[in-house]
Amino acid sequence: MATVKGFTLKEAIKDDHDEMYLYFDEYKKNKGNAEAQARWSRLFTWEIARHAVGEEIVVYPLMEKHLGSKGKKLADGDRSDHQYVKERLYELEGLTPGTEEHALKMQDIVDHLKPHNESEENEDLPLLEAAIGSDESKRAAQSFKNTKKFVPTRAHPGAPNQPPYETLAGFLQAPIDKLKDYFSTFPSAEEKQEAKQGLN
């Protein structure tokens, strides 16, 4: 069997985590510019919403399948973390960018995400990759990236967070989210590229 090329699952997940932090940093850099903060917080929400559902559909079932009771415990803990963040993202949508309330909600989300993300990168994913091997990890990474193209782009804390119900809810909600995104403003491609260059 041929070796699979591409990112491992841990690399794909970490890449998303780094983007979340980058978008939050850009949000903070634009303090005093409510319009720019609105664009970066929209992209921040968009990335986290897609990432969370992608993990719930692809990653957590793999943990449960290959890591037994330990995998179930880790996946349940991760789903609980996601629920907290989804609820805060939903609240964030009702707040006005440029206000202290909005900034505090963004900070609360990041403060909760950091230990969750670090736990995934340092515990969950190394355990999973050791169990499934490099090729399967790369296949899972591709599946994760593909899934993110079809899932909701906004937080839906009331939606189920386990397949198959989560998958169905996501497919029903995604077109509505994408319509809302059409009428929303995001950072330009140039702004995103400039921000990413600052990472290197």
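Cut-offs used in this document
- Residues numbered from 1 in each chain as written.
- Predicted model: local features only at pLDDT ≥ 70, side-chain atom pairs only at ≥ 80, totals over all residues.
- Heavy atoms only, no water.
- Helix = DSSP H or I, 4+ residues; strand = E, 2+ residues; numbered from the N terminus.
- Buried < 20%, exposed > 50% of the residue type's maximum accessible area, 1.4 Å probe, protein only.
- 1 Å grid on protein atoms, 1.4 Å probe; cavity = no way out; pocket = protein on both sides within 12 Å on 5 of 7 lines; lining within 4 Å.
- Points joined across faces, edges and corners; volume = space filled by probe spheres on them.
- Nonpolar A, V, L, I, M, F, W, Y, C, P; charged D, E, K, R; others polar.
- Axes fitted to C-alpha atoms, helices over the stretch in contact; angles between N-to-C directions.
- Contact = heavy atoms within 4.5 Å.

Help me understand the side chain of N117, please; the structure alone is not making it clear to me.
Turning to its location among the elements, N117 is positioned in helix α4 (residues 100-132). Judged by its relative accessible area of 1%, N117 is buried.

How should empty space enclosed by the protein be read in this particular structure?
A water-sized probe rolled over the atoms picks out the places where empty space is left. All told, the structure shown has three cavities of 30 Å³ or more when counted by the stated rule. Approximately 70 Å³ is the volume attributed to the second largest cavity. Looking at the lining of the second largest cavity, its residues break down into five nonpolar, four polar and one charged.

What's the story with the packing of helix α1 (residues 9-29) against helix α5 (residues 134-147) in this structure? I'm lost.
Working note: a packed helix pair is described by the angle between its axes plus the distance between those axes. The geometry of α1 relative to α5 is characterised by a closest axis approach of 7 Å and an angle of 35° between their N-to-C directions. Together, L9, A12, I13, D15 and D16 of α1 and S137, A140, A141, F144 and K145 of α5 make up the contact between the two elements. Tallied by class, the residues present in the contact of α1 with α5 amount to six nonpolar, one polar and three charged.

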